[in-house]
Amino acid sequence: MQTASVCGCNAALPRGNQLTAGRQLPFGLQRPSVRHIRPLAPTRHAAHHQLAVYAAQSNGVSNGSSPSPYVSNPYADELRETANSISSRGRGILASDESNITTGKRLASVGVDNTETNRRDWRELLYTAPDLGQYISGAIMFEETLYQSSADGKPFVDVLREQGIMPGIKVDGGLEAIGDETNTIGLDGLAERCAKYYKQGARFAKWRAVLKIADGGPSLEAIESNAHGLAAYAKIAQDNGLVPIVEPEMTLGAGDYTIEDTSYWSERVLTHVFRHLNEHDVMLEGILMKPSMCLPGLDAPAASPEEVARWTTQTMLRGVPAAVPGIHFLSGGMSEEEATLNLQALQEACPNAPWSLTFSYGRALQSATLKAWGGDPNNKQKAQDILSSLAKANSEAQLGNYKGPHPAAGGGRILQALRTGGSGKP
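Everything numeric in this text was worked out from a predicted model, so none of it was measured.

## Some words on the overall build of the protein chain
- The helix and strand tally for the protein chain stands at 14 helices and 10 strands.
- Long-range contacts, defined as pairs at least 24 residues apart, comprise 80% of the intrachain contacts of the protein chain with a sequence gap of at least 6.
- As displayed, the protein chain has an accessible area near 16400 Å², and 50% of this comes from carbon and sulfur atoms.

Right under this line is the structure:
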């Protein structure tokens, strides 16, 4: 078996069928056993039938005679340039695309009412933090925020661009429950919305799919349904000039599943996602990935940063083609400090990775910042200093130069509740 010398580590390259069980793994580890396809309980058949319907849809799939997207897409050069810019060394993405409902819950945690003005003030605090553009290359916004302006009337799109930060937009319609799994909605009218967002100044987009590892892993129907949705969205986004962030999140949940289980299911999901991306003629040089790091369940012993990096880089090497410019990991329930330490470990485990191993963090950048602000204008500078310090720490980690101490040390992993029923726009 060949080793991934391009990475500078001992991770093994895939050969043959990536889903073959019992294959020898690097580092003397073996695949988890009896972890292939979760059996279907009788009470779940209706839900799985609905997921199968979604998975069978083929809107936008190439018929084999369409021209190459590298030639036919008038945005091809711009897409490549945008993706490479966002994936530049030492920088990552600020994920600030929470829906109005989710933002309201976070504001309520510090005693702030959920009004449009307060949401604007919160986002303005984030986007105007001094020197943020040194560490942040892109900011994902919710639709309301894309069209908002600062208190003095400057559009947020311009505020970001003045810092050298690329404006992005969340385009999915949220999650819908299918049994005990989820499917992401929002393909209806997506082309028109993407064209509108591009005109407003957005240059990249995000679509989040969520799969669960607990209880034996995601069903094949759920994997196929969500992989199809990600690919259909990515094609539509590229056709309208937006670099798609492809986010197949293996959500951190309760349970004692191991880090090996997470690696196995992540690799399996990535295989399906890229098959669908290829079938939809998505230009890989013009996308960005936003997966989860490989973590054990919340009821399992915690993994060290070295273990997280070892399994995560192995999974990415097996599942993500080198044509993709950047892998922007989500913080996904990790504490602020854990997210930084794990990001640093990724660089050490794979110093010559074919893609940029960087971040797209939301809570890991916002939580301590929000607590410091608390809705008090007098605390704005203090909160911005914390945000800039957190962004700088993760920038240093992406470069492999983080030394500490961490600006938000301590804390633990959290169980993130999944809200279904759509994006919750008022």
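Alright, that's what it looks like, and here's the rest.
## Digging into the packing of helix α10 (residues 259-279) against helix α11 (residues 305-319)
- One can describe the packing of α10 onto α11 by two numbers: an axis separation of 9 Å at closest approach and a directional angle of 20°. With respect to their mutual orientation, α10 and α11 come out roughly parallel. With respect to the hand of their crossing, α10 and α11 are arranged in right-handed fashion. Taken together, the residues of α11 that come into contact with α10 (itself represented by I259, E260, S263, S266, E267, L270 and F274) are E307, V308, W311, Q314, T315, M316, R318 and G319.

## Some thoughts on the pairing of strand β4 (residues 175-178)
- Inspection of the sheet shows β4 paired to strand β5 (residues 181-184) by 4 bridges, in the antiparallel sense. Across the sheet, residue I178 finds its bridge partner in β5, namely E181.
- Once β4 ends, the chain turns through 2 residues before running back antiparallel as β5, passing G179 with a positive phi of about 65°.

## Here's the deal with the confidence of the model for the protein chain
- Looking at the protein chain as a whole, the pLDDT averages 87, with 81% of positions reaching at least 70.
- Confidence drops under a pLDDT of 50 for residues 1-5, and excluding neighbours within four residues, the segment shows 14 contacts in the predicted structure.
- Taken together, the stretch residues 56-63 has pLDDT below 50 and engages in 10 contacts with residues farther than four places along the chain or on a different chain.

## Quick notes on the side chain of E124
- Structurally, the position occupied by E124 is in helix α5 (residues 116-127).
- Buried within the structure, E124 lacks any salt-bridge partner; K380 is the closest side chain of opposite charge, at an N-O distance of 4.1 Å.
- Ignoring any residue separated from it by four or fewer positions in sequence, one finds E124 in contact with S150, A151, F156, K380 and Q384.

## Some remarks on the environment of I101
- Tracing the backbone through its elements, the reader meets I101 in helix α4 (residues 100-108).
- Relative accessible area serves as the criterion here: at 35%, I101 is assigned to the partly exposed category.
- Put simply, I101 and N114 are 13 residues apart on the chain and 8.2 Å apart in space, counted from C-alpha to C-alpha.

## Some remarks on the packing of aromatic side chains
- Scanning all chains against the criterion turns up 6 aromatic pairs.
- When the ring of Y127 is compared with that of F156, the centres are 5.3 Å apart and the planes differ by 80°; the resulting orientation is edge-to-face. Within this pair, whereas Y127 is found in helix α5, its partner F156 is found in helix α7 (residues 156-162), the two being separated by 29 residues in sequence.
- Assessed through its relative accessible area of 0%, F156 is described here as buried.
- Across the ring face of Y198, the terminal group of R203 is positioned such that the distance to the ring centre comes to 3.7 Å.

## Considering helix α12 (residues 336-349)
- Its 14 residues give α12 an end-to-end C-alpha distance of 20 Å, which sits within 8% of 20 Å, the value for a rise of 1.5 Å per residue.
- Burial runs high along α12: 11 of the 14 residues are buried.
- All of the buried residues in α12 are E336, E338, A339, T340, N342, L343, Q344, A345, L346, Q347 and A349.
- Residues of α12 that are buried make contact with α11, β9 (326-329), β10 (356-361), α13 (363-373) and α14 (380-398).

The rules behind these values
Residues numbered from 1 in each chain as written. Predicted model: local features only at pLDDT ≥ 70, side-chain atom pairs only at ≥ 80, totals over all residues. Heavy atoms only, no water. Helix = DSSP H or I, 4+ residues; strand = E, 2+ residues; numbered from the N terminus. Contact = heavy atoms within 4.5 Å. Areas by Shrake-Rupley, 256 points an atom, 1.4 Å probe, with all protein chains shown as cover. Axes fitted to C-alpha atoms, helices over the stretch in contact; angles between N-to-C directions. Parallel < 35°, antiparallel > 145°, perpendicular 65-115°, else oblique. Left-handed = near helix turned anticlockwise from the far one by under 90°. Pairing = 2+ DSSP bridges. pLDDT = per-residue confidence, 0-100. Buried < 20%, exposed > 50% of the residue type's maximum accessible area, 1.4 Å probe, protein only. Lys, Arg positive; Asp, Glu negative; His and termini not counted. Salt bridge = Lys/Arg side-chain N within 4 Å of Asp/Glu carboxyl O. Phe/Tyr/Trp six-rings, centres within 6.5 Å; stacked < 30°, edge-to-face > 60°. Lys NZ or Arg CZ within 6 Å of the ring centre and 35° of its normal. Expected span 1.5 Å × (residues − 1).

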